[in-house]
Structure formats: structure tokens, C-alpha cells
Amino acid sequence: MEFSKNSKIYVAGHNGMVGSAIVRKLQSLGHTNLLLKSSKELDLRKSEDVINFFKMESPEFVFLAAAKVGGILANSSYKADFIYDNLMIQTNVIKNAHQFGVEKLLFLGSSCIYPKNSAQPIKEEYLLTGLLEATNEPYAIAKIAGLKMCEYFREQYGCNFITTMPTNLYGENDNFDLKSSHVLPALLRKFHEAKTNNTNKVSIWGSGNPKREFLHVDDLADACVFLMKSYNESPTINVGTGEDISIKNLALLIKEVTGFNGELDWDSSMPDGTYRKLLDVSKIHNLEWKAKTSLKDGIKLTYDWYIKNHDV
Ligand code: GFB
């Protein structure tokens with residue numbers, strides 16, 4: 001069965017930053033038969049509820065974007081919740097996708113699955129060749145398990161389950177809570193609030209030396225739909241921009257975009273996490289897909305969205 005405009009498509013996690021971007025992308029392409037359930041309507045950690053959902057709805061295609069996510073502080077503060085919730089969510093969806101004959105499933109992982117001291121840029125085959133970064137090990141182990149589960153369901157049952165490993169993401173509908181969010185939305189909010197309140201200093205975690213790669217979530221959504229339509233192989237595929245930036249230079253870029261004129265204060269009591277995790281994106285480039293949104297443009301788009309939707 002081909003992936004067409006009236007295919008029944010379940011986007012698990014459609015209210016999150018990634019899931020909502022995938023829904024926007026699908027709707028812009030004229031897909032009208034989307035199956036969407038909030039976590040209040042369907043708790044994917046509850047096996048019985050997920051079985052009944054798949055039995056009743058029988059989706060044909062599944063984007064598995066539902067997950068418990070967070071930044072470096074959240075991941076290192078709630079390790080049991082991060083590993084348990086993510087294992088339960090993905091296991092229930094993958095198992096029932098097989099059980100109820102889903103045509104194709106795309107599982108979203110994360111660049112944190114790769115060893116902390118990987119050679120850069122990180123190739124897909126570096127998976128499981130070294131120790132993980134401690135600050136997000138629970139999430140990474142869960143995502144590695146999801147990647148492998150898709151691989152083994154393909155091997156044993158012939159399921160067309162594909163996986164993709166995105167780099168750090170940002171964009172509209174991100175989490176801007178200063179304790180649980182990732183760095184880019186946190187700095188956007190901190191600089192914006194400092195400018196609005198005439199505060200002359202912004203506290204930034206760590207040394208500022210680590211480097212991160214940032215992919216706008218609309219580019220990721222475009223890649224996910226592209227892969228759902230055209231990629232049917234077992235090996236996972238990295239998705240990123242192929243460029244990274246130090247946290248210090250990211251802060252200076254966000255300072256410029258928000259128009260904040262005060263000082264940056266580096267809080268060395270907070271962890272740096274992995275020093276670098278630039279993805280090798282040659283595989284997806286060879287499939288003729290490339291990210292389109294520059295970091296500066298993406299930050300401006302996200303800041304505009306933040307002001308319209310969050311500024312109180
Ligand atoms: O984005 P982030 O929280 O997660 O932190 P990771 C990235 C870097 O930004 C770290 C620094 O070096 C932080 O110390 N940073 C500076 C800040 N100021 C802030 C701030 O105000 N808030 C935050 N959050 N960071 C994530 C994983 O790791 O990578 C996720 O936690 C996921 O699970 C994601 O895997 C891809 O990039 O270190």
C-alpha cells in the first residue's frame with residue numbers, strides 16, 4: 001500500500017514540537033486522514049490502552065514522535081522517568097504496529113545515542129562503539145533500544161520499520177521552561193525576558209565551550225515525510241545540518257537576534273554535557289535531502305513565534 005493523501009496516518013506525539021511539525025508538513029501536502037491522540041486521550045505507557053487503540057483504529061502509517069524529552073538538567077535529574085516512559089511508549093507502539101499490520105513506521109531517535117567521544121562528524125555506524133554521555137544516558141539507552149527493536153522486527157517479521165536520528169532540534173512549539181528545556185529555547189527566553197525587564201545580565205550554564213548542531217524542526221519534519229515516502233532500509237539515518245556552533249557563539253547570536261544589550265554570565269556549577277555531537281549527514285545527502293533553514297533564520301522564526309505565543 002503506498003503512502004498517499006488519504007492513507008490513514010497516526011502521528012504519535014502530535015502535540016509536541018516534532019509531532020506538530022510533522023502534522024503541519026502532512027497537512028501542507030494535502031494529507032487529510034490523520035489520526036491524532038493527545039497523551040490525555042491515550043497514555044502510550046499503558047499497554048492495554050495502546051492495544052485497544054490499534055485494534056480500533058488500524059493506522060496504515062505511523063510517525064513515532066511521542067517521547068519524554070528534556071534538556072541536560074531534566075535528563076540528569078529524572079533518570080528513572082526518562083528511561084521508563086520512553087521504553088514503555090516506544091515498545092507499546094512498535095509492538096502493536098507489528099501486531100495490527102501497520103504498513104510502515106518511522107521511529108525518531110536522537111543524536112545522544114552515539115558514544116560521547118565519537119570521532120566527529122558522527123557516522124551512523126559509530127553506534128555502540130563506546131560509553132554514552134552520563135547526562136543523558138537514560139534517554140540514549142531508551143532510544144538505542146527503540147532503534148534496535150525496529151531493526152529486529154524487520155529482521156524477524158519483515159516489518160518496514162525505519163529509524164532516523166536527528167541532531168538537537170528547535171523551533172515553534174518547543175519547551176521554553178527554563179529548568180526542563182534545551183539550550184536554544186532557554187536562551188531565547190532568558191535574553192527576551194532580560195531585555196523586557198531591563199535586567200543587565202543573563203546567566204548561561206556551563207563553560208560555553210561545548211559545540212552543538214541545531215536543526216530547525218520544520219526541516220526535520222520535511223526529512224521525516226521524505227524518508228517515510230522513499231526510504232525502506234534497516235540502517236538508521238542521521239538528520240542534521242552538518243554544521244555546529246559553540247554554546248558561546250550561539251548565545252552571542254541569540255543576543256543579537258533578541259536585541260539584548262547586557263552581559264553574559266557563565267554558571268560553571270552547571271554541566272557542559274557532551275563536548276561535541278556533530279552528525280555525519282552524508283547518507284541523507286546522498287538520498288538527495290538537505291536542510292534548508294539557516295541557524296540565524298531559524299532563530300528569528302522561533303523568536304517571532306515565541307513573542308506571539310508566549311510573551312506574557
Ligand atoms: O540543550 P542542552 O540542555 O542538552 O544543553 P544537550 C546543551 C548545552 O547548552 C550544555 C548549555 O552544554 C548546557 O550546559 N546551556 C547553557 C544550557 N545555558 C543553558 C540553559 O539555560 N539551558 C540548557 N538546557 N542548556 C540533549 C539531551 O543534550 O541533547 C536530550 O539532554 C537530547 O535528551 C538532545 O538528546 C539532542 O545537547 O547537552
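Scroll up a little and you will see the structure.
Rules and cut-offs
- Residues numbered from 1 in each chain as written.
- Predicted model: local features only at pLDDT ≥ 70, side-chain atom pairs only at ≥ 80, totals over all residues.
- Heavy atoms only, no water.
- Salt bridge = Lys/Arg side-chain N within 4 Å of Asp/Glu carboxyl O.
- Helix = DSSP H or I, 4+ residues; strand = E, 2+ residues; numbered from the N terminus.
- Buried < 20%, exposed > 50% of the residue type's maximum accessible area, 1.4 Å probe, protein only.
- Axes fitted to C-alpha atoms, helices over the stretch in contact; angles between N-to-C directions.
- Parallel < 35°, antiparallel > 145°, perpendicular 65-115°, else oblique.
- Left-handed = near helix turned anticlockwise from the far one by under 90°.
- Contact = heavy atoms within 4.5 Å.
- Nonpolar A, V, L, I, M, F, W, Y, C, P; charged D, E, K, R; others polar.
- Expected span 1.5 Å × (residues − 1).

> Is there a simple way to explain the pattern of salt bridges in this structure?
Opposite charge on two side chains permits them to pair, given that their charged atoms come into close proximity. A complete count under the given rule lists 13 salt bridges for this structure. For the salt bridge of Asp 280 with Lys 123, the shortest nitrogen-to-oxygen distance reads 3.0 Å. Taken together, the residues Asp 280 in the loop between strand E12 (263-267) and helix H9 (282-286) and Lys 123 in the loop between strand E4 (104-108) and helix H5 (137-157) connect sequence positions 157 residues apart. The class of Asp 280 is buried, set by a relative accessible area of 10%. Since its relative accessible area comes to 30%, Lys 123 is described here as partly exposed. Residues Glu 256 and Lys 296 are paired through a salt bridge, measuring 2.6 Å at the closest nitrogen-oxygen approach. In this pair, Glu 256 sits in helix H8 (residues 247-258) while Lys 296 sits in helix H10 (residues 295-310), placing the two residues 40 residues apart along the sequence.

> What exactly am I supposed to notice about the packing of helix H6 (residues 183-196) against H8 here?
Describing two packed helices takes the angle between their axes plus the distance from one axis to the other. In contact at an axis separation of 9 Å, H6 and H8 are set at 45° when each is read in the N-to-C sense. If you check the angle between H6 and H8, you find them oblique. As H6 runs across H8, the sense of the crossing is right-handed. Seen from H6, the contacting residues are Val 183, Leu 184, Leu 187, Leu 188, Phe 191, His 192 and Lys 195; seen from H8, they are Ile 247, Leu 250, Ala 251, Ile 254, Lys 255 and Thr 258. Looking at the contact of H6 with H8 residue by residue, the classes come out as 9 nonpolar, 2 polar and 2 charged.

> I keep staring at helix H1 (residues 17-28) and nothing clicks. Help me out?
Since the α-helix turns once every 3.6 residues, residues separated by three or four places project in the same direction. Between its first and last C-alpha, H1 extends 17 Å over 12 residues, near the 16 Å set by a 1.5 Å rise per residue. All of the buried residues along H1 are Met 17, Val 18, Gly 19, Ser 20, Ala 21, Ile 22, Val 23 and Leu 26. Buried residues along H1 sit against strand E1 (9-12), strand E2 (34-35), strand E3 (61-64), E4, strand E6 (168-170) and helix H7 (217-230). At the exit of H1 stands Gly 30, carrying a positive phi of roughly 90°.

Scope: geometric values only; no functional claims are made or implied.
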